[in-house]
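Read off the chains here:
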Amino acid sequence: MRREMILNEEKGQLRAAIKEDGSLVELIMERTGERTIVGAVFRGVVRSVMPSMQAAFIDLGRGKNGFLHVADIVEDPEVYDRMFKLRGERIEDGAEMIEADDAVEENGDGDGDDAEKESEGLLGRLVNFALGRGKQQPEIKQEKPRRRRPRRRRREKLPVIQDLLKEGQNMTVQVAKEALGSKGPRLTSHIALPGKFLVLMPREDKMGVSQQIKSDAERKRLRDLARKVKPKGVGLIVRTAGEGQNEKDFRQEVENLLAVWQDVNKRAGEGTGPKMLHQDDDMLLRLIRDQSGLPVDRVVTNSRRMMDKLRNVFKKTDQRLLDKLHLYDKQEPIFKHYGVSEEIEKALREKVKLKSGGFIVINQTEALVAIDVNTGKFTSASGMRQAILTTNLDAAAEVARQLRLRDIGGIVVIDFIDMDHRRDQERVLNRLREACRADKSRTKIYPVSRLGLVEMTRKRVRRGLATALTETCQTCGGRGYIIK
């Protein structure tokens, strides 16, 4: 796979486009003075505690109050007591702040996302709502109840939030998700500080290795290495970029991350009121850090300032990339020259054409994303079954690319063309799973339902592409039509 990074700096905005085999798969944007606060650590002030929601709203001093659920504070009352005795903040597996390629095998991947819980019984609720029945009524059957697998998170042992937090109380929190729409940022007290090779989890005595590292021998070596450098009472996760690294590199990064955490604690004890204690690297450094460990064939930028900055970073991190760094100096805009502008324009449309001749239609709502697959004018000499299978296979790969490019998620419902054969359904599902593996955001895909739909979830962290690049039409209010 050929991988390219195209960096465009103009009009106070930095845009980074990532292309794989010529196709745009990711677009990251940041305006000067408007850095994302995802990953930032704050000293927040509890403004209100909502027992009915088992959540609290935290003032970060930045407009909308952040949302903190009880599950993002503590999982066990004993841990809560110990946490404050140690004057630290507990986290789970670091999954909230770690990209999907750094999911933890030993300790699980923190599958507690709201969207995944919402997806259970989604179709039944939608059908009943459409029929006006409200909640689904239980059938009267003398049936032996099925045994349910115990949940990893034993929520019955959680204390109620009004016993944990009081209005006016200060607490250290980290931003897990940006403010989306009318919702404020999602917060967690499970602090995770990412480095290039490792993620430090203060006050969490756990350890894990990225699932993207496939070699059992290498996983064992990294696990042993992490145990050597892991301080007592601190958790570590080895990121994908940690593959092949040595003890010296790990030990140096642990020292750097511990220094960051000590600075956070020091700043937290100074003054009163809401305060930012730590902010992640700027977009360029964050991009280089998070792309570490992935093959890059070419890095192109139209900014000499950025060129010099990248050269200094590559000298310290990966000197092999120096020969792959190029300055674009032509008159034609860099995004137009490399076809990025055209791809962005297509990504803002509802209808997306497939290579096979079919197309998909993407409709995003407040509650979910609905995707419809159509054959269009495509036909196959091998018959209707092959035409449907080919279209669905193309659609599965394109759906994964569009979700990643548009940066949309939550609950996603895909209406593939009906397939009568189970083998064809499995091939399409496997293609969708394989295509989603390159996505840094955590995804979960469910089997084909009785109605022939595929339900999946994708973790949302930042604003989607359409939200970042467009604004709602004042004439139609975003409905897409005007009343005569």
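Residues numbered from 1 in each chain as written. Predicted model: local features only at pLDDT ≥ 70, side-chain atom pairs only at ≥ 80, totals over all residues. Heavy atoms only, no water.

Novice: I tried to follow the nonpolar core on my own but got confused; where do I start?
Specialist: Note on soluble globular proteins: their nonpolar side chains tend to be buried together. Counting 29 residues, the largest nonpolar core has Ile360, Ile371, Ile414, Phe416, Leu432, Val454 and Met456 as its most contacted members. Every element with two or more residues in this core is listed here: β17 (359-364), β18 (368-374), α11 (384-406), β19 (410-415), α12 (422-436), β20 (443-448) and β21 (454-458). Considering every element that reaches this core, the biggest residue donor is α11, with eight residues. Core analysis: the next-biggest nonpolar cluster, separate from the first, contains 23 residues, Leu193, Val209, Leu222 and Val254 among them. (Core = buried A, V, L, I, M, F, W, Y, C linked by side-chain atoms within 4.5 Å. Buried < 20%, exposed > 50% of the residue type's maximum accessible area, 1.4 Å probe, protein only. Helix = DSSP H or I, 4+ residues; strand = E, 2+ residues; numbered from the N terminus.)

Novice: Hey, could you run me through the sheet that holds strand β10 (residues 198-201) in this one?
Specialist: Strand order in the open sheet formed by four strands is β9-β10-β12-β11, and the pairing between neighbours is mixed. Where the open sheet ends on each side, the last strands, each with one partner, are β9 (193-194) and β11 (207-209). As paired strands, β11 and strand β12 (residues 235-238) are joined by three bridges and run parallel to one another. Among the inter-strand pairings, Val209 is bridged to a residue of β12, identified as Val238. Here helix α5 (residues 216-229) sits on the sheet and contacts β11 and β12; the angle it forms with β11, its principal contact strand, is near 150°. The sheet contacts of helix α6 (residues 247-268) involve β9, β10 and β12, and relative to β10 the element is tilted by about 40°. (Pairing = 2+ DSSP bridges. Contact = heavy atoms within 4.5 Å. Axes fitted to C-alpha atoms, helices over the stretch in contact; angles between N-to-C directions.)

Novice: Help me out: how do you make sense of helix α10 (residues 340-347) in this one?
Specialist: Each turn of an α-helix holds 3.6 residues, which means side chains three or four residues apart point in the same direction. Regarding α10, the residues found buried are Val340, Glu343, Ile344 and Ala347. Buried residues of α10, viewed axially, fall in a sector of 100°; they line one side. For α10, the secondary structure elements touched by its buried residues are β1 (3-10), β2 (13-20), β3 (23-31), α9 (334-337), α11 and α13 (465-469). (Arc of directions from axis to C-beta.)

Novice: Where do I start with the sheet that holds β18 in this structure?
Specialist: Through backbone hydrogen bonds, the strands of a sheet pair up, either in parallel or in antiparallel fashion. In space, the six strands of this open sheet follow the order β16-β17-β18-β19-β21-β20, with mixed pairing throughout. Unpaired on one side and paired on the other, β16 (351-353) and β20 mark the two borders of the sheet. For this sheet, the mean angle separating the axes of adjacent strands, direction not counted, is 20°. Along the sheet, α12 makes contact with β19, β20 and β21, crossing β20 at roughly 175°.

Novice: For this particular structure, what's the right way to read the environment of Asp163?
Specialist: Considering the arrangement of structural elements, one finds Asp163 in helix α4 (residues 161-164). Residue Asp163 is classed as exposed on the basis of its relative accessible area of 57%. Through-space distance from the C-alpha of Asp163 to that of Pro51 is 9.7 Å; in sequence the pair is 112 residues apart.

Novice: In this structure, what is going on with the pattern of salt bridges? I would like to understand it.
Specialist: Note on pairing: side chains with opposite charge can pair once their charged atoms come close. The tally for this structure, following the rule as stated, stands at 25 salt bridges. A salt bridge links Arg437 to Glu434; the shortest N-O distance between them is 2.5 Å. On the basis of relative accessibility, which here comes to 47%, the residue Glu434 falls in the partly exposed class. Close ionic contact of Arg458 with Asp439 constitutes a salt bridge, the shortest N to O distance being 2.6 Å. Taken together, the residues span a long stretch of sequence, with Arg458 in strand β21 and Asp439 in the loop between α12 and β20 at a distance of 19 residues. You can call Arg458 buried: its relative accessible area is 3%. What you see here is one network of salt bridges that share partners, running through Arg3, Glu20, Glu26, Arg404 and Lys440. (Salt bridge = Lys/Arg side-chain N within 4 Å of Asp/Glu carboxyl O.)

Novice: Sorry, what's going on with the state of the cysteines here?
Specialist: What is meant by a disulfide is a covalent connection between two cysteines, made through their sulfur atoms. Applying the stated criterion across every chain yields a total of zero disulfides. Cysteine Cys476 is unpaired, with the sulfur of Cys473 as its nearest cysteine sulfur at 3.8 Å. Given a relative accessible area of 8%, Cys476 falls into the buried group. (Disulfide = S-S within 2.5 Å.)

Novice: Hey, could you run me through the pairing of β3 in this one?
Specialist: Looking along a regular strand, one sees side chains alternate from face to face of the sheet. Pairing of β2 with β3 involves eight bridges; the strand directions are antiparallel. By the bridge assignment for β3, Ile18 is matched with Glu26. Joining the antiparallel neighbours β2 and β3 is a turn of two residues, in which Asp21 adopts a positive phi near 50°.

Novice: Where do I start with the confidence of the model for the chain in this structure?
Specialist: Mean pLDDT over the chain works out to 79, with 80% of the residues at or above the 70 mark. The low-confidence segment residues 75-124 (pLDDT under 50) makes 142 contacts with residues lying over four places distant or belonging to another chain. In the predicted structure, residues 126-146 sits below a pLDDT of 50 and forms six contacts with residues beyond four places in sequence or in another chain. (pLDDT = per-residue confidence, 0-100.)

Novice: Please clarify how the side chain of Arg404 should be interpreted in this entry.
Specialist: With respect to the helices, strands and loops of the structure, Arg404 is situated in helix α11. On the accessibility criterion, Arg404 (8% relative accessible area) is buried. Of the polar contacts made by the side chain of Arg404, one reaches the side chain of Glu26; its length is 3.5 Å. (Polar contact = N/O pair within 3.5 Å; in protein donor to acceptor, adjacent residues only side chain to side chain.)

Novice: Explain the packing of aromatic side chains to me, please; I cannot follow it from the model alone.
Specialist: The final tally for this structure, using the stated rule, is three aromatic pairs. Here the aromatic rings of Phe57 and Phe67 are separated by 5.7 Å at their centres, their planes lie at 65°, and the arrangement is edge-to-face. A residue pair is termed long-range when its members are at least 10 positions apart, and Phe57 in strand β5 (residues 55-59) and Phe67 in strand β6 (residues 66-69) qualify at ten residues. On the accessibility criterion, Phe57 (25% relative accessible area) is partly exposed. Judged by relative accessible area, Phe67 falls into the buried class, the value being 19%. Plain terms: the ring middles of Phe197 and Phe250 are 6.4 Å apart, the flat faces sit at 35° to each other, and that makes the pair tilted. Separated by 53 residues along the polypeptide, Phe197 in the loop between β9 and β10 and Phe250 in helix α6 bring together distant segments of the chain. The exposure class of Phe197 is buried, given its relative accessible area of 11%. Of the residues examined, Phe250 reaches a relative accessible area of 0% and is grouped as buried. The side chain of Lys351 reaches across the aromatic face of Phe359, ending 4.2 Å from its centre. (Phe/Tyr/Trp six-rings, centres within 6.5 Å; stacked < 30°, edge-to-face > 60°. Lys NZ or Arg CZ within 6 Å of the ring centre and 35° of its normal.)

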